[in-house]
Amino acid sequence: VTTFGDLLRVPSASRGDLFAAKAKGADVRMVTSPLQALDFAAKHPDQQIVHLAIGFETTAPANAMLAYMARERGLANLSLLVSQFLVPPILRAICADPSAAPDAFLAAGHVCAITGSDPYDSLARDLNRPIAITGFEPADILLGVLDVLRLLERGQAGMTNAYARIVHPQGNPEALRIMDAVFETADREWRGLGVVPMSGLSLREAYAAHDAARTFPAPCFVVDQQPNENPECPAADVLLGKLQPCDCPHFQTRCTPDHPLGAPMVSPEGPCAAFYLHRRT
Ligand code: SF4
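Remember, predicted model here, so these are calculated numbers, not experimental data. (Residues numbered from 1 in each chain as written. Predicted model: local features only at pLDDT ≥ 70, side-chain atom pairs only at ≥ 80, totals over all residues. Heavy atoms only, no water.)

Chemist: Before we move on, could you go through the pairing of strand β8 (residues 183-190) and cite the residues and values that matter?
Modeler: Two elements, β8 and strand β9 (residues 194-203), share seven bridges in a ladder whose sense is antiparallel. Looking at β9, one finds that Glu 189 is bridged to Val 195. With antiparallel pairing between neighbouring strands as the criterion, β8 and β9 make up a hairpin whose turn holds three residues, including Gly 192 at a positive phi of roughly 80°. (Pairing = 2+ DSSP bridges. Helix = DSSP H or I, 4+ residues; strand = E, 2+ residues; numbered from the N terminus.)

Structure, rendered in structure tokens:
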């Protein structure tokens, strides 16, 4: 199995994490680019290599390129277990839940660098809420907050791009082209929201031979079913904005970035890890 590093530490309720599996002898290799899985597959034709293709629009182009290259090079021993998610459908789903719907959104700049800002323009109008595309530096985020506050004060719905040095209206055409060639939209299960229609990506039929969910026997991979999460972790409430990370009873006690109980404490981009790193109480 090949995977990005942050996935190694995502805990599950009963099966530990990939680090634990590796410690028990599983062949789990961290990659910094999905294309490294190509080299593993080419050098080890006697082994099945499964790449965990997980993430949002940010990781989708590189994972799409991996599937494309595997097919082009006829690497029958390389497949992807795809769990790609899309941001706009989940924003629509959140706004459809009156108990979760926020007044405005800050949209992640690295996602919008792929998709472009244009889709968020129509999305803001559809959702009747301000959306500010922001970068990740403190000044970028403050600029995004200022933009949505101005729109809220005027009672306007609309999109502002506070990260224009990176995010262009049309996004990254090459990335979008390879994504469209390899992936199609599919239903996905989200924490706290259940299955959201067409909120993710799966491999097109032409890439079925490289789809681990189809080529391996069903018990090998459990996908698109109820997530196997730690029941002590109220991650869904945090992700829906119903619970501040610091109000979770396990925050910075039993749950820290070194010993995460749930996925939001793993990556620095996760809300609980971000609170831990920048707003410890
Ligand atoms: S602090 Fe830990 S246990 Fe609490 S919601 Fe976040 S990840 Fe889950």
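Structure shown, so let's carry the discussion forward.
Chemist: Now, about the sheet that holds strand β6 (residues 130-134): what can you tell me, with residues and values included?
Modeler: Spatial strand order, β5-β6-β7: three strands in an open sheet with parallel pairing. Sheet topology places β5 (105-108) and β7 (158-161) at the edges, where each strand pairs with a single neighbour. Taken over all neighbouring pairs, the strand axes of this sheet differ in orientation by 25° on average, direction set aside. Note: β5 against β6, four bridges, orientation parallel. Its bridge partner being in β6, Leu 106 is matched across the sheet by Ala 132. Sitting on the sheet, helix α7 (residues 138-154) is in contact with β5, β6 and β7, with an inclination near 165° to β6. (Axes fitted to C-alpha atoms, helices over the stretch in contact; angles between N-to-C directions. Contact = heavy atoms within 4.5 Å.)

Chemist: Give a detailed account of helix α11 (residues 271-278), specifying residues and quantitative values.
Modeler: Along α11, the residues classified as buried are Cys 272, Ala 273, Phe 275 and Tyr 276. Each buried residue of α11 sits inside an arc of 160° when the element is viewed along its axis, so together they form one side. (Buried < 20%, exposed > 50% of the residue type's maximum accessible area, 1.4 Å probe, protein only. Arc of directions from axis to C-beta.)

Chemist: Break down the packing of aromatic side chains for me, citing the residues and quoting the values.
Modeler: Per the stated rule, a full pass over the model turns up four aromatic pairs. Both rings, one in Phe 56 and one in Phe 85, keep their centres 6.1 Å apart while their planes meet at 45°; by these two values the pair is tilted. Taken together, the positions of Phe 56 in the loop between β3 (49-55) and α3 (60-72) and Phe 85 in strand β4 (residues 78-85) put the pair 29 residues apart, joining distant regions of the chain. An angle of 75° between the planes, with centres 6.3 Å apart, marks the rings of Phe 251 and Tyr 276 as edge-to-face. Placement of the pair is Phe 251 in the loop between α10 (235-239) and α11 and Tyr 276 in helix α11, with a sequence separation of 25 residues. For the pair shown, Phe 251 and Tyr 276 are each scored as buried. Three or more aromatic residues link up through ring pairs in this structure, and these residues are Phe 56, Phe 85 and Trp 190. For the cation-ring pair, Arg 29 lies above Phe 40, with the distance from its terminal atom to the ring centre recorded as 5.0 Å. Over the aromatic face of Tyr 207 sits the side chain of Arg 71, whose NZ or CZ is 5.0 Å from the ring centroid. (Phe/Tyr/Trp six-rings, centres within 6.5 Å; stacked < 30°, edge-to-face > 60°. Lys NZ or Arg CZ within 6 Å of the ring centre and 35° of its normal.)

Chemist: Requested: an account of the nonpolar core, with residues and values cited.
Modeler: Core analysis: the largest hydrophobic core is formed by 26 residues, its most contacted members being Leu 78, Leu 80, Val 182, Phe 183 and Leu 203. The set of elements that each furnish at least two residues to this core consists of α2 (36-43), β3, α3, β4, α8 (173-182) and β9. In contact with Leu 80, other than residues within four places in its own chain, are His 51, Ala 53, Asn 63, Leu 66, Ala 67, Leu 203, His 210, Asp 211, Ala 212 and Ala 213. (Core = buried A, V, L, I, M, F, W, Y, C linked by side-chain atoms within 4.5 Å.)

Chemist: Lay out the packing of helix α4 (residues 87-95) against helix α6 (residues 118-127) with the relevant residues and their values.
Modeler: Viewed as axis vectors pointing N to C, α4 and α6 meet at an angle of 10°, and their least axial separation amounts to 11 Å. Classified by the interaxial angle, the pair formed by α4 and α6 is roughly parallel. Where α4 abuts α6, its residues Val 87, Pro 88, Leu 91, Arg 92 and Cys 95 lie against Tyr 120, Leu 123, Asp 126 and Leu 127. For the contact of α4 with α6, the class distribution of residues is seven nonpolar, no polar and two charged. (Parallel < 35°, antiparallel > 145°, perpendicular 65-115°, else oblique. Nonpolar A, V, L, I, M, F, W, Y, C, P; charged D, E, K, R; others polar.)

Chemist: Lay out the domain arrangement of the protein in plain terms, naming residues and giving numbers.
Modeler: Taken domain by domain, the protein consists of domain 1 (2-86 + 173-220), domain 2 (88-161) and domain 3 (235-278). Measuring from the centre of the C-alpha atoms in domain 1 to the corresponding centre in domain 2 gives 29 Å. Tallying the contact residues gives 14 residues for domain 1 and nine residues for domain 2. When the buried surface of domain 1 facing domain 2 is broken down by residue, Glu 57, Thr 58 and Leu 193 rank first, second and third, together holding 49% of it. In this structure, the connection of domain 1 to domain 2 is made through zero residue pairs in polar contact (both at pLDDT 80 or more). Elements supplying a minimum of two residues to the side of domain 1 that touches domain 2: α8 and β9. The element that contributes the greatest number of residues to the side of domain 1 that touches domain 2 is β9, accounting for four residues. Residues that form the side of domain 1 that touches domain 2 fall into these classes: eleven nonpolar, two polar and one charged. (Domains from an automatic or database assignment. Buried area = accessible area lost by both parts, 1.4 Å probe. Polar contact = N/O pair within 3.5 Å; in protein donor to acceptor, adjacent residues only side chain to side chain.)

Chemist: Break down the site of the ligand for me, with residues and values.
Modeler: Taken together, Cys 233, Pro 234, Val 238, Cys 248, His 250, Phe 251, Cys 255, Leu 261, Gly 262, Pro 264, Met 265 and Cys 272 form the complete shell of residues around the ligand. Broken down by class, the residue content of the shell around the ligand amounts to ten nonpolar, two polar and no charged. (Near = heavy atom within 4 Å.)

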